[in-house]
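Here are the chains, one letter per residue:
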Amino acid sequence: MPPGNAIPFPQGVAKVVTLAELQNCDAWRQALQNKCQDHRYYEIVEDTLECGFEHHYFLLEDASGNVRAIQPVFFVRQNLVEGVPGKIRSIVDVVRKILPRFLTMRVLMVGCAAGAGDLGVSDKNDETWMAKTLETGLLKYAQQNKASLIVFKDFYAQYRPALAPLCSSGYVRMASMPMTRLLLRYDNWDEYFRTLSKATRKDLRRKFRKTERVPKIEMQVVTDIAPLIAEIYPLYLAVHERSPLKFETLTKEYFLAIAQRMHEHARFFIWRQSGKIVAFSFCLVCGDKIYDECIGLDYSVALGLHLYFYTLRDIISWALQQGLKYYYSNPLNYEPKLHLDCELVPLDLYVRHTSALLNPIFRRVVKYLGPTRHDPVLRKFPNADQL
């Protein structure tokens, strides 16, 4: 079904539109206006990422013709065992020698292709209404576009009450790889450092002493990344290629667009040694929160100098100086975050098969493919039961 067609439901109609059709739509700007990743972020993701995503938008009108929500969605061909280690992955790899597309499906995803998901409502009271309308519209749209699965991708736990009706209509809720959060209730790094365990303090002191014995590493915080993009982008790719889980690959154009179109939120941390950039971090600052989105490292020196911890110390110190209250980091690399007293920020997947016949079986099987099942460190966090 091409964009522009309408899907009726009992309380109104869902119109599938393109980004171009939303450019002059006030409801689009209002739908995500209170989110850190607002409408501009979704526009940047569609304009700059080249990962085979097919972006569309559900414009939801009630029976009176009022636009009450706009929800970004996209199609992607997804490997269902991405990041699954061990025996299950080995079996799948054997089957794929005969059936190359085994457990690789066309998926209709709801949310953001490069970040956590949000419901696109301007009025929080409309979240439950929106979830119920999506429940009907998404299934029809996915079936008409030959998608095997529907996935609400990485939605914050705060949406669980609104999205609960999905679980009684064929969806299963699964834990996605969580973000982490550190409450910045300290005056400075030293005060925070004293709250860490003795073993962690000893380990960090050893790491930091090593960096103090080499030529000084200096930090700079900028909002305009254009003059530096040629230097920092290879550092991002170096870290990205080492990641065991890859969904999207950010592009140079992505970073440039963020710096240009979201400059009030964007902060790029740059670390130089003897004039050469050895690390960078891209963050978004929203209200009293800082979101550490991604890091880039020069691996010719990064491991020996423990630059991951060095950069983390600098970002937290800067955030404390700015009076920020929360530091958020993206999923993965949980071991150091556990020892730094971070807590988990649960992210949920809501998944269903578009076939009414296969979905009951799929709901039982898919739980064994959940990404969090295969990371033993997650279970050590004090709030792991919230996943």
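Details of the structure are given in the entry above.
1. Examining the environment of Ala 162
Consideration 1: Here Ala 162 shows up in helix α6 (residues 160–163).
Consideration 2: The class for Ala 162 is buried, based on a relative accessible area of 5%.
Consideration 3: Sequence separation of Ala 162 and Tyr 141 is 21 residues, and the distance between their C-alpha atoms is 21 Å.

2. Concerning the sheet that holds strand β8 (residues 179–183)
Consideration 1: The mixed open sheet is built from seven strands, whose spatial order is β9-β10-β11-β12-β13-β8-β14. The sheet is open, and its two borders are formed by β9 (217–222) and β14 (343–345), each paired with just one other strand. Each strand of the sheet is rotated relative to its neighbour by a mean of 30°, with strand direction disregarded.
Consideration 2: Where strand β10 (residues 266–273) meets strand β11 (residues 276–286), eight bridges bridge the pair, whose relative direction is antiparallel. Residue pairing in the sheet places Arg 272 in a bridge with Ile 277 of β11.
Consideration 3: Packed on one face of the sheet, helix α9 (residues 229–242) meets β10, β11 and β12 (289–297) and runs near 90° to β12.
Consideration 4: The sheet strands contacting helix α10 (residues 252–261) are β10, β11 and β12, and the helix crosses β11 at an angle near 50°.

3. What about a nonpolar patch on the surface?
Consideration 1: Taken together, the side chains of Leu 357, Leu 358, Ile 361 and Val 365 present a nonpolar region at the surface, about 410 Å² in accessible area.
Consideration 2: Within the element layout of this structure, Leu 358 appears in the loop between β15 (347–353) and α13 (359–365).
Consideration 3: We classify Leu 358 as partly exposed; its relative accessible area is 42%.

4. Details of the environment of Val 67
Consideration 1: As for its placement among the helices and strands, Val 67 is situated in strand β4 (residues 67–79).
Consideration 2: In this structure the C-alpha to C-alpha distance between Val 67 and Val 13, which are 54 residues apart in sequence, comes to 9.6 Å.
Consideration 3: Setting aside anything within four residues of it in sequence, one finds Val 67 in contact with Ala 27, Leu 59, Leu 60 and Glu 61.

5. Some details on the side chain of Asp 126
Consideration 1: Among the secondary structure elements, Asp 126 is positioned in the loop between β5 (104–110) and α5 (127–144).
Consideration 2: Looking at Asp 126, the relative accessible area reads 12%, which means it is buried.
Consideration 3: In this structure, Asp 126 is in contact with Arg 68 and Val 121, ignoring residues within four places of it in sequence.

6. Quick word on the state of the cysteines
A covalent bond between the sulfur atoms of two cysteines is referred to as a disulfide.
Consideration 1: Counted by the stated rule, this structure contains one disulfide.
Consideration 2: Bridging Cys 36 to Cys 286, the disulfide has an S-S length of 2.0 Å. Taking the sign of the torsion about the S-S bond as the criterion, the disulfide between Cys 36 and Cys 286, at about 45°, is right-handed. Placement of the pair is Cys 36 in the loop between α2 (26–31) and α3 (39–48) and Cys 286 in strand β11, with a sequence separation of 250 residues. Note on accessibility: Cys 36 and Cys 286 belong to one class, buried.
Consideration 3: Of all cysteine sulfurs, the one in Cys 294 lies closest to Cys 283, which takes part in no disulfide; the gap is 8.5 Å.

7. Some details on the packing of aromatic side chains
Two measures describe an aromatic ring pair: the distance that separates the ring centres and the angle between the ring planes.
Consideration 1: According to the stated counting rule, one finds 28 aromatic pairs in the structure shown.
Consideration 2: Here the aromatic residues Tyr 41, Tyr 233, Tyr 236, Tyr 254, Phe 255, Phe 268, Phe 280 and Phe 282 are joined through ring pairs into a cluster of three or more.
Consideration 3: Over the aromatic face of Phe 309 sits the side chain of Lys 207, whose NZ or CZ is 5.0 Å from the ring centroid.
Consideration 4: Between the NZ or CZ atom of Arg 242 and the centre of the ring of Tyr 299, over which it lies, the distance is 3.7 Å.

Conventions we followed
- Residues numbered from 1 in each chain as written.
- Predicted model: local features only at pLDDT ≥ 70, side-chain atom pairs only at ≥ 80, totals over all residues.
- Heavy atoms only, no water.
- Helix = DSSP H or I, 4+ residues; strand = E, 2+ residues; numbered from the N terminus.
- Buried < 20%, exposed > 50% of the residue type's maximum accessible area, 1.4 Å probe, protein only.
- Pairing = 2+ DSSP bridges.
- Axes fitted to C-alpha atoms, helices over the stretch in contact; angles between N-to-C directions.
- Contact = heavy atoms within 4.5 Å.
- Patch = residues over 30% accessible without salt bridge, like charges linked within 9 Å, V, L, I, M, F, W, Y side chains within 5 Å.
- Areas by Shrake-Rupley, 256 points an atom, 1.4 Å probe, with all protein chains shown as cover.
- Salt bridge = Lys/Arg side-chain N within 4 Å of Asp/Glu carboxyl O.
- Disulfide = S-S within 2.5 Å.
- Phe/Tyr/Trp six-rings, centres within 6.5 Å; stacked < 30°, edge-to-face > 60°.
- Lys NZ or Arg CZ within 6 Å of the ring centre and 35° of its normal.

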